[in-house]
Amino acid sequence: MKGEASPAVDAPMLETEGVSIMGDLMVITKARLTLLVLITTFVGFCLASPETLNGRLLFHTLLGTVLVAASAAILNQAIEIQVDRLMERTRARPLPAGRWKPDVAIALGCLLGAAGLAYLAVTTNWTATALAATTLGIYLAVYTPMKRRRSFCVTVGAVSGAIPPVIGWTAAGESATAAGAWILFGVLFLWQMPHFLAIAWMYRDEYAQAGFHMLNPRDTDGSGTAWKSLICAVALAGVTLAPFALGWVGPVYVAIALLINGLLLYYAVRFVTDRSRASARRLFFSSIIYLPVILGLMVFVRF
């Protein structure tokens, strides 16, 4: 590709000092992000299922979804090779470092995406398949190019990231317009805002150097970013309490949900009052603790 800092090797992967093939595969598929997609899809499926889970259908749903998620990760990195070379945190990835050929990555990404969608269509239903295709399309065709144009990309990316639990919900046979689907979408959408805004603030200099518009350029002191994080954290607390208002859960759920929401809100307020990197990092880590607790709680009280 034009402007590459170093040529890709003839093989798609190369063993180098400190780098393993498995390690590169985990990076190129964004294993942690893909795992998050898998977990949220699983939660959506569980919450939409009757008392006994359909294990076979759950397996098909997770397999198809993980293939699509891996496809999105690979193709995103193939699109962003040049800018990934400009950031310290991404320049060692397989593509910008030259350990993978771009055409190999593109071919693999397209293959996994097509296979995942076809698998979902055959083994689940068309609604789940359409939602998987939608999140793939938003992530690659809207979010990825928008990152270099407008800070609204964070909101668009949150929409894409909030769809996987609805994929699981609909794959289990429930309607995408049901209240439960919207609650799950709302939880994931709102959670992503403080989570990724904290990341954007921590790495704002690197993002700016690479030409990414992850933050409003007029928000030089981070006050707008911090307030947006807090507002979304408050809204998130409201959405997570909606199941109680609908009579789906009891006081145990409410007590734990209030506790974990209080933790996130505390660090969101701290970020408003102290917009340092350390404060943003604390908000980021509190959001990491928050999501598995609240989702695990939903599944626990459901069964």
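Please refer to the structure higher up on the page.
Here is a short report on the structure shown in this document. All figures in this text were calculated on a predicted structure; none of them were measured in a lab.

### Concerning a nonpolar patch on the surface
Move 1: On the surface, Val252, Ile256, Leu263, Ile289 and Val293 cluster together to form a nonpolar patch covering roughly 370 Å² of accessible area.
Move 2: Looking at the nonpolar patch, the elements with two or more residues in it are α13 (251-273) and α14 (277-302).
Move 3: Counting residues per element, the nonpolar patch draws most heavily on α13, which supplies 3 residues.
Move 4: In this structure, Leu263 sits in helix α13.
Move 5: Its relative accessible area of 31% is what places Leu263 among the partly exposed residues.

### Here we look at the packing of aromatic side chains
Move 1: Counting across every chain of the model gives 6 aromatic pairs.
Move 2: Consider the rings of Trp182 and Phe185, whose centres lie 6.0 Å apart with planes at 70°: the pair is edge-to-face. Here Trp182 pairs with Phe185, and both are found in helix α9 (residues 179-202), just 3 residues apart, close to one helical turn.
Move 3: Seen in terms of ring centroids, Phe185 and Phe189 are 6.2 Å apart; in terms of plane orientation they differ by 5°. Their pairing is stacked. Note that Phe185 and Phe189 are positioned in helix α9 at a spacing of 4 residues, about one turn of the helix. Each member of the pair, Phe185 together with Phe189, is buried.

Calculation criteria
Residues numbered from 1 in each chain as written. Predicted model: local features only at pLDDT ≥ 70, side-chain atom pairs only at ≥ 80, totals over all residues. Heavy atoms only, no water. Patch = residues over 30% accessible without salt bridge, like charges linked within 9 Å, V, L, I, M, F, W, Y side chains within 5 Å. Areas by Shrake-Rupley, 256 points an atom, 1.4 Å probe, with all protein chains shown as cover. Salt bridge = Lys/Arg side-chain N within 4 Å of Asp/Glu carboxyl O. Helix = DSSP H or I, 4+ residues; strand = E, 2+ residues; numbered from the N terminus. Buried < 20%, exposed > 50% of the residue type's maximum accessible area, 1.4 Å probe, protein only. Phe/Tyr/Trp six-rings, centres within 6.5 Å; stacked < 30°, edge-to-face > 60°.

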